[in-house]
Amino acid sequence: MLLADDFFLEDSARPWETVGMGVRRKVLTYDPQLMLVRVEFAAGSIGAPHHHVHTQMTHVVSGVFEATVGGRMQVLRAGDTFYAPSEVVHGVVCVAAGELLDAFSPMREDFV
């Protein structure tokens, strides 16, 4: 858990976790209300459609992704974002290798 005096966190101090074929994530920081997570995808890898109670906002750092939220698909590139409200099915297919930055509210206890 993030301590009250841990305002700065170095990327190298956080471990990567493989979460699927061609997909790995790194929890960057969190408190009970908010969590920030990096997710790297190899080309062709899939973030399978799923839903959760958490609100999710995702920023495309690099690469190209087919993102589907609530049955609507859109191709997203670096700088684009998507919003997945609580319990709405969402997922991605990585077209060109890249990285996403996910924010969750509240934090994902299943990630720690």
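Counting from 1, residues in each chain are numbered in the order their sequence is written. Selection of residues for local features in this predicted model requires a pLDDT of at least 70, selection of side-chain atom pairs for listing and counting requires 80 or more, and totals for whole chains, interfaces and linings are taken over all residues. To obtain the side-chain values, all non-hydrogen atoms of the structure were included, while hydrogens and water were left out.

**Quick look at the UniProt feature "domain: Cupin type-2" (unreviewed entry) in the protein chain**
Part 1: UniProt positions are given in the numbering used here, feature names are shortened, and annotations may be inferred rather than shown by experiment. The feature "domain: Cupin type-2" (unreviewed entry), as given by UniProt, occupies residues 38-96 in the numbering adopted here.
Part 2: From the first C-alpha to the last, residues 38-96 spans 17 Å; its make-up is 0% helix and 69% strand. Helix numbers and strand numbers start at the N terminus; a helix is a DSSP run of H or I with at least 4 residues, a strand a run of E with at least 2.

**Some remarks on unusual backbone geometry**
Part 1: Of note, the bond from S105 into P106 is cis; its omega dihedral lies within 30 degrees of zero at -10°.
Part 2: Note that P106 resides in the segment after β8 (90-105).
Part 3: Of note, E87 is a non-glycine position whose phi angle comes to about 65°, a positive value.
Part 4: If you trace the backbone, E87 turns up in the loop between β7 (81-84) and β8.

**Section: the nonpolar core**
Part 1: The term nonpolar core refers to a set of buried residues drawn from Ala, Val, Leu, Ile, Met, Phe, Trp, Tyr and Cys, joined through side-chain atoms within 4.5 Å. Here the term buried applies to any residue with accessible area under 20% of the maximum for its type, exposed to any over 50%, and partly exposed to those in between, with areas from a 1.4 Å probe on protein chains only. Residues M35, V37, F41, F65, F82 and V92 are the most contacted members of the largest nonpolar core, which totals 20 residues.
Part 2: At the level of secondary structure, the elements contributing two or more residues to this core comprise β2 (23-31), β3 (34-41), β5 (55-69), β7 and β8.
Part 3: Dropping the residues within four chain positions of it, M35 is found in contact with V27, T29, Y30, D102, A103, F104, M107, R108, F111 and V112. Two residues qualify as a contact provided that any one of their heavy atoms is within 4.5 Å of a heavy atom in the partner residue.

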